Amino acid sequence: MIDRMSQTEGPPTGLNVTSRAGFEWRRSIITLMLVLAPMALAVIVMTIGLAARAMWLFIHGASAELPAPPSFRLYGLLSYAISSWLAVALAFVWTTRQTLRPDVFRFRRLTLPAIAASLIGFGIVTAGVPIVTHWLASVTGHRSQDVRIDFHDAKAIAIVVFLFVVTTPVTEEILYRGLLVSWLRRIGWQDSNILAFGTVIFAANHIIPLGLVWAAAMILLGLVTYALRLRYESLSPAWLVHTLFNAQLTLSYPLMAWFAQAA
């Protein structure tokens, strides 16, 4: 009996180590897919929405045409917002199974040092991003993209605010600074490598919706938010920076233009 137990409970063999490494690799791929899921899910959500709209118009005897470009863009923004929350829901289920949920959804109470660091980070990003985008636009010839809001359309304002001010600061922090950081730490990555890799992934995933210039500028936002997450072991400081940056970028400039026209 002793000999049999010693044979079955010996040290892990090379095959076991290889199987374990393959299992961790598959879970790493799933984690990365969840982080990047909102973009792919947005295509699916928008396709379903447009199909449902076309069917509704067909049933009521109207012509099933594609929406006008402004409405089409709004459908895209709303689809991305919905898909972002779907990705967070999937991450919640996945991280519960992997016992990672407390780290992934770690929004702690903001302390005075964390608030001060967040405000400094917000100042750095707010000052740095326009400089970076202007320089890159002049060097590459690519135009940076602006978020335009029709202040006569309450629905457009609501969708833009819901996406940029409410949704992305929460969902992107959970996915990029919560899920990705927690998983990479679990498999043994150092914080410096997480900072570099996470920032590149975060910026690269903005190429399709925002273009090359803005995606490159997002490196600065990524560096600040990842540094805050790693320093304070909480998503709250990074969320504060992200929310303030998106709010001023989305609303401040259009509001100033609107007031200038009204004056």
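Let us now look at the overall build of the chain. When helices and strands are tallied, the chain shows 10 helices and 0 strands. Ordered by position from N to C terminus, the α and β elements of the chain give α-α-α-α-α-α-α-α-α-α. Here the chain, with 263 residues, has 38% of them falling under the buried criterion. Of all intrachain contacts in the chain linking residues separated by at least 6 positions in sequence, the fraction that spans at least 24 positions is 80%. Counting only carbon and sulfur atoms, one obtains 70% of the accessible surface of the chain, whose full area is about 15100 Å².

Before going further, it helps to examine unusual backbone geometry. Despite not being glycine, Thr99 has its phi angle at roughly 55°, a positive value. Looking at the secondary structure, you find Thr99 in the loop between helix H4 (69-97) and helix H5 (101-104). Since its relative accessible area comes to 60%, Thr99 is described here as exposed. Non-glycine residue Glu233 carries a positive phi angle of around 50°.

Looking now at the confidence of the model for the chain. Of the residues in the chain, 83% reach a pLDDT of 70 or more, and the chain-wide mean stands at 85. Per-element averaging of pLDDT across the chain places helix H1 (residues 2-8) at the bottom with 40 and helix H8 (residues 191-204) at the top with 96.

Turning our attention to the packing of helix H7 (residues 154-186) against H8. Taken N-terminus to C-terminus, the directions of H7 and H8 make an angle of 140°; their axes are 10 Å apart at the nearest point. Considering the relative orientation of H7 and H8, their crossing is right-handed. The residues of H8 that touch H7, namely those facing Glu172, Tyr176, Arg177, Leu180, Val181, Leu184 and Arg185, are Asp191, Ile194, Phe197, Gly198, Ile201 and Phe202. Split into classes, the residues belonging to the contact of H7 with H8 amount to 8 nonpolar, 1 polar and 4 charged.

A word on the pattern of salt bridges. Between side chains of opposite charge, a pair can form as their charged atoms come close. Counted by the stated rule, this structure contains 7 salt bridges. Residue Arg106 is joined to Glu233 by a salt bridge in which the shortest nitrogen-to-oxygen separation is 3.9 Å. Here Glu233 lies in the loop between helix H9 (207-232) and helix H10 (236-262) and Arg106 lies in the loop between H5 and helix H6 (112-140), a separation of 127 residues in the sequence. A residue is classified by how much of its surface remains accessible, and Glu233, at 24% relative accessible area, is partly exposed.

Once that is clear, we can look at the packing of H7 against H9. Two measures define how a pair of helices packs: the angle their axes make with one another and the distance between the axes. It is at 11 Å that the axes of H7 and H9 come closest, and there the two elements cross at 55°. Taken together, the axes of H7 and H9 are oblique relative to one another. For the element pair H7 and H9, the recorded crossing hand is right-handed. From H7, Glu173, Tyr176, Arg177, Leu180, Val181, Ser182 and Arg185 reach across to H9, where they touch Gly222, Thr225, Tyr226, Arg229 and Leu230. Grouping the amino acids of the contact of H7 with H9 by side-chain chemistry returns 5 nonpolar, 3 polar and 4 charged.

Taking 1.5 Å of rise per residue, 14 residues should cover 20 Å, and H8 covers 20 Å from first to last C-alpha, within 8% of that figure. Those residues of H8 that sit buried are Ile194, Gly198, Thr199, Ile201, Phe202 and Ala203.

Along its 23 residues, helix H3 (residues 37-59) runs 33 Å from first to last C-alpha, staying within 8% of the 33 Å computed at 1.5 Å per residue. Immediately beyond the C-terminal end of H3, within one or two residues, lies Gly61, with a positive phi of roughly 80°.

With that settled, consider the packing of aromatic side chains. In total, this model carries 3 aromatic pairs according to the counting rule given. The ring of Tyr232 carries the charged tip of Arg231 above its face, separated from the ring centre by 4.7 Å.

What follows deals with the environment of Gly123. Among the secondary structure elements, Gly123 is positioned in helix H6. Owing to a relative accessible area of 34%, Gly123 belongs among the partly exposed residues under this scheme. Residues Gly123 and Phe245, 122 residues apart in the sequence, show an inter-C-alpha distance of 8.8 Å.

As a further point, take the nonpolar core. Core analysis: the biggest nonpolar cluster contains 37 residues, and Leu175, Tyr176, Leu179, Met218, Leu221 and Phe245 have the highest contact counts within it. By residue number, the principal contributor to this core is H7, which donates 9 residues. Apart from the residues within four sequence positions on either side, Leu221 is in contact with Val125, Phe202, Val241, His242 and Phe245. Grouped together as the second largest cluster of nonpolar side chains are 7 residues, Tyr80, Ala81, Leu163 and Phe164 included.

Definitions and cut-offs
- Residue positions are counted from 1 within each chain, in the order its sequence is given.
- This being a predicted model, a pLDDT of at least 70 is required before a residue's local features are given, and a value of 80 or more before pairs of side-chain atoms are given or counted; all residues contribute to the totals for chains, interfaces and linings.
- Excluded from the side-chain calculations are hydrogens and water; all other atoms, namely the structure's heavy atoms, are used.
- A run of DSSP states H or I qualifies as a helix once it reaches four residues; a run of E qualifies as a strand once it reaches two. Both are numbered from the N-terminal end.
- In this scheme, a residue with accessible area under 20% of its type's maximum is buried, one over 50% is exposed, and one in between is partly exposed, where area comes from a 1.4 Å probe on protein chains only.
- A contact between two residues is defined here by any heavy atoms of the two lying within 4.5 Å.
- Note that accessible areas follow from Shrake-Rupley with a 1.4 Å probe, and for residues the cover is restricted to the protein chains shown.
- Here pLDDT means the predictor's own confidence in every residue, given as a number from 0 to 100.
- The angle between two axes is taken between their N-to-C directions and runs from 0 to 180 degrees, where each axis is a line fitted to C-alpha atoms and a helix contributes only its stretch in contact.
- Left-handed describes a crossing whose near helix is turned anticlockwise from the far helix through less than a right angle; right-handed describes the clockwise counterpart.
- Note that Gly is not counted as nonpolar here; it falls among the polar residues with everything else outside the nonpolar set of Ala, Val, Leu, Ile, Met, Phe, Trp, Tyr, Cys and Pro and the charged set of Asp, Glu, Lys and Arg.
- Any carboxyl oxygen of Asp or Glu that lies within 4 Å of a side-chain nitrogen of Lys or Arg is treated as forming a salt bridge with it.
- By definition in this entry, angles of less than 35 degrees are roughly parallel, angles greater than 145 are roughly antiparallel, angles of 65 to 115 are roughly perpendicular, and the rest are oblique.
- Here a helix's expected span is defined as the number of its residues, less one, multiplied by 1.5 Å.
- For Phe, Tyr and Trp, rings pair up if their centres lie within 6.5 Å, where Trp contributes its six-membered ring, and each pair is then called stacked (planes under 30 degrees apart), edge-to-face (over 60) or tilted (otherwise).
- Charge-over-ring contacts are defined here by two conditions on Lys NZ or Arg CZ: a distance within 6 Å of the ring centre and an angle within 35 degrees of the ring normal.
- Buried Ala, Val, Leu, Ile, Met, Phe, Trp, Tyr and Cys residues that are joined via side-chain atoms within 4.5 Å together make up what is termed a nonpolar core.

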